[in-house]
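Geometric and topological summary
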Amino acid sequence: MELPIYLSKTSREPIYHQIENQMKTLIASGQLTKGMPLPSIRALAKDLETSVITIRRAYQNLEYQGFIQTTQGKGTFVADIDHDMKQQMKVAEVYQAMEAAVEIAFKYDYTAEQLKKMCLEVIHKKGGNQT
Amino acid sequence: MTSLLKIMDVEKNVDTLHLGPIHLTIEPGTITTMVGANGAGKSTLFKLIMNLVKRDTGSIQLLDIETNGSDESWKQHITYQAQTVIGWEPFTGTKLKDFISSLYPHWNEALFQKIVDLLQIPLDERFAKLSQGNQQKLQLALALPRNTPLLLLDEPTSFLDIPAKQKLMNLLVEWMEQGDRAIFMTSHQSADIMKLSDYIVVLRNGKLMNKFEKESLIHRHRRYWISEQLPEEGIPGEIGRSTRYLVSNAPEQTESFLQQEQITWTQQESLDLEEILTQLIERR
């Protein structure tokens, strides 16, 4: 099974961390559901063109945080994570994306006011309520 | 974890090349690719491991057995695929399979058949009559099913067509998952290295440089796009520059220097493996 994970060349975030976070998002968003089998470490390393050391580290962290479970001889599966955790993940992901956008804006010397205006425009354009 | 292969203080003079001293260990569960310029001694190192070339000094142990001693039981634990095989020319694939499978107690006939089907290898033609690509496919079909803990592959994909390369990657991934095994290979194809390797070793002027873990190697080679004038003198970590960018192999030092000099970069990215390897192979 292949996973829709995309690694960034421009990010300074370590690769194992990128994989870890994107897998959390896939689980929180319900694209990966409880009990689904995950690729083996070697197979994912091939798909994502990383080393097994990197994948092992990401899997270990995910397992430690309760997102996945490994059963000896059977493989790795998506764990049962609770609703609160999913919510937290969603908030964290949106927050991260906003932070990245704000960082870019500040790099171009936008003011907070200009940024707020832009943000509302985007919300409007995407069909959200502008209240 | 004990090493499958231990190379210690190995040296060898071949013609004008002085190889070594070489230190390297290969652990189970890992894939290591050796890269280097043509004629750097990569194939010679494989032959030294196999005792096909005698070492001048040093020790090479496969599962703790010296490969140049009277105990030759190590041969059952290693598969070596050379770039060119000698003596196979008059035989058909079927005949070669009969010879080879009888030598390896863990021969996996089903895997052999699977590879033959997958890569569409003609078995009833004499080896000499096969194209280079088909010869290479047959060599692989006769290598993987031996199921030895260590697999040495000398440029296994150099003649393969694109679909065969893809299939081989999957076969090697499956092969690795069958147990505590390791692959030590050479390749000039960065795609192979990206998809398969955990570690990279660089052979340059007969010397083997450190074993690099692939991600950390890639992560610490970065390009900074800079529109301002750069100072003439070397910048910490600098390994290359053009009028628009700076290349560093020590991003922390480079960034703190740039910040200190109030030089800003518009974009930064990791280098492609191919660029990094070019650097490592050619650096003086």
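The shown structure was predicted, so the numbers you read here are calculated from the model rather than taken from an experiment.

1. Let's talk about the overall build of chain B
Helices and strands together make up the secondary structure of chain B, namely 9 helices and 14 strands. Overall, chain B is about 70 × 40 × 35 Å in size when its C-alpha atoms are taken along their principal axes. Expressed as a percentage of the 284 residues in chain B, the buried residues total 53%. Residue pairs at least 24 apart in sequence account for 66% of intrachain contacts in chain B once pairs closer than 6 positions are excluded.

2. Quick word on the pairing of strand β11 (residues 222-225) of chain B
All names here are of chain B. Where β11 meets strand β13 (residues 245-248), 4 bridges bridge the pair, whose relative direction is antiparallel. For Tyr224, the partnering residue across the bridge sits in β13 and is Leu246. Where β11 lies against strand β14 (residues 267-270), 4 bridges are found, and the strand directions are antiparallel. Bridge pairing in β14 links Arg223 to Glu269.

3. Observations regarding the UniProt feature "domain: ABC transporter" (unreviewed entry) in chain B
According to UniProt, the positions carrying the feature "domain: ABC transporter" (unreviewed entry) are residues 2-230 of chain B. Secondary structure content for residues 2-230 of chain B is 31% helix and 28% strand, while the C-alpha to C-alpha distance between its ends is 49 Å.

4. Here's the deal with the domain arrangement of chain A
Quite often, the size of an interface is put as the accessible area lost when its parts meet. All names here are of chain A. Under the domain assignment used here, chain A contains domain 1 (15-78) and domain 2 (83-125). Taking the mean C-alpha position of each, domain 1 and domain 2 sit 27 Å from one another. Counting from both sides, the interface comprises 7 residues of domain 1 and, opposite them, 6 residues of domain 2. Between domain 1 and domain 2 the total buried area reaches about 530 Å² when both faces are included, carbon and sulfur atoms providing 72% of it. Of all residues in domain 1, Thr25, Ala28 and Phe67 bury the most surface against domain 2, accounting for 66% of the area lost on that side. Counting across the interface, domain 1 meets domain 2 through 0 residue pairs in polar contact (both at pLDDT 80 or more). Of the residues belonging to the side of domain 1 that touches domain 2, the class tally is 3 nonpolar, 3 polar and 1 charged.

5. Section: a nonpolar patch on the surface
Among the surface-exposed residues, A:Ile104, A:Tyr108, A:Tyr110, A:Met118 and A:Val122 lie close enough to one another that they form a single nonpolar patch of about 480 Å² accessible area. The class for A:Ile104 is partly exposed, based on a relative accessible area of 47%.

Rules of the game
Residues numbered from 1 in each chain as written. Chains lettered and ligands numbered in written order. Predicted model: local features only at pLDDT ≥ 70, side-chain atom pairs only at ≥ 80, totals over all residues. Heavy atoms only, no water. Helix = DSSP H or I, 4+ residues; strand = E, 2+ residues; numbered from the N terminus. Buried < 20%, exposed > 50% of the residue type's maximum accessible area, 1.4 Å probe, protein only. Contact = heavy atoms within 4.5 Å. Pairing = 2+ DSSP bridges. UniProt positions renumbered as here; feature names shortened; annotations may be inferred. Domains from an automatic or database assignment. Buried area = accessible area lost by both parts, 1.4 Å probe. Polar contact = N/O pair within 3.5 Å; in protein donor to acceptor, adjacent residues only side chain to side chain. Nonpolar A, V, L, I, M, F, W, Y, C, P; charged D, E, K, R; others polar. Patch = residues over 30% accessible without salt bridge, like charges linked within 9 Å, V, L, I, M, F, W, Y side chains within 5 Å. Areas by Shrake-Rupley, 256 points an atom, 1.4 Å probe, with all protein chains shown as cover. Salt bridge = Lys/Arg side-chain N within 4 Å of Asp/Glu carboxyl O.

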